[in-house]
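# Fold and geometry: a report
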Amino acid sequence: LTKAAPSVFAVTTYDVDGGPSVGTAFVVASDGSKSFLLTSLDVVRAGTARPGPAIKVRQGTEELEAELWTWDDKRDLALLIVQIVAVWLWGIEP
């Protein structure tokens, strides 16, 4: 768990009814300027509509806005993009 911690983020947004929606995401890829985080589509589903609620990711005291890039309804997965270089789950830095 300690090794994975640098790649795990808390996700906060609002659901389709306007209530709070929270979950977690982890880094699956990172390049020189952004990171891609995988989360549950159920957490960010309201973001699939336009305009959708803001999606925030937090790690410690740092909070960033995330962009919902794509999703897979059948697998309940969503891919977020954040403008930060983060450590991948496997500990590989770009």
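Okay, so let's go over this structure.

Reading the values: rules and limits
Residues numbered from 1 in each chain as written. Predicted model: local features only at pLDDT ≥ 70, side-chain atom pairs only at ≥ 80, totals over all residues. Heavy atoms only, no water. Patch = residues over 30% accessible without salt bridge, like charges linked within 9 Å, V, L, I, M, F, W, Y side chains within 5 Å. Areas by Shrake-Rupley, 256 points an atom, 1.4 Å probe, with all protein chains shown as cover. Salt bridge = Lys/Arg side-chain N within 4 Å of Asp/Glu carboxyl O. Lys, Arg positive; Asp, Glu negative; His and termini not counted. Charge placed at Lys NZ, Arg CZ, Asp CG, Glu CD. Helix = DSSP H or I, 4+ residues; strand = E, 2+ residues; numbered from the N terminus. Buried < 20%, exposed > 50% of the residue type's maximum accessible area, 1.4 Å probe, protein only. Pairing = 2+ DSSP bridges. Core = buried A, V, L, I, M, F, W, Y, C linked by side-chain atoms within 4.5 Å. Contact = heavy atoms within 4.5 Å. Polar contact = N/O pair within 3.5 Å; in protein donor to acceptor, adjacent residues only side chain to side chain.

Moving on: a negative patch on the surface. There is a patch of like negative charges on the surface, built from Asp15, Asp17, Asp42 and Asp76. Among the secondary structure elements, aspartate 17 is positioned in the loop between strand 1 (8–14) and strand 2 (20–30). Residue class for aspartate 17 comes out exposed when judged on its relative accessible area of 74%.

Two elements, strand 2 and strand 3 (residues 35–40), share five bridges in a ladder whose sense is antiparallel. Directly across from alanine 25, in strand 3, lies its bridge partner threonine 39. In this antiparallel pair of consecutive strands, strand 2 and strand 3, the connection spans four residues.

Bringing the pairing of strand 6 (residues 77–82) into the picture now. Relative to strand 6, strand 3 is paired through six bridges, and the arrangement is antiparallel. Bridging across to strand 6, threonine 39 finds its partner in alanine 78. Of the strand pairs in this sheet, strand 5 (residues 62–72) and strand 6 are connected by five bridges, and their pairing is antiparallel. Counterpart to leucine 68 in the pairing with strand 6 is leucine 80.

With that out of the way, let us pick up the nonpolar core. If you look at the biggest cluster of nonpolar residues, it comprises 17 residues, and the most contacted ones within it are Val11, Leu37, Val44, Ile55, Val57 and Leu80. Listed by contribution, the elements that provide at least two residues to this core are strand 1, strand 2, helix 1 (41–44), strand 4 (55–59), strand 5 and strand 6. Beyond its immediate sequence surroundings of up to four residues, valine 11 is in contact with Ser21, Val22, Gly23, Thr24, Ala25, Thr39, Val43, Val44, Ile55, Lys56, Val57 and Leu80.

This paragraph deals with the environment of alanine 49. Inspection of the secondary structure assignment puts alanine 49 in the loop between helix 1 and strand 4. A relative accessible area of 39% places alanine 49 in the partly exposed class. Taking the C-alpha atoms as reference points, alanine 49 and valine 16, 33 residues apart in sequence, are found 9.0 Å from one another.

What follows covers the side chain of threonine 13. Here threonine 13 shows up in strand 1. Here alanine 54 takes part through its backbone oxygen, which lies 2.7 Å from a polar atom of the side chain of threonine 13. Look past the residues within four positions of threonine 13 in its chain and what remains in contact with it is Gly19, Pro20, Ser21, Val43, Val44, Pro53, Ala54 and Ile55.

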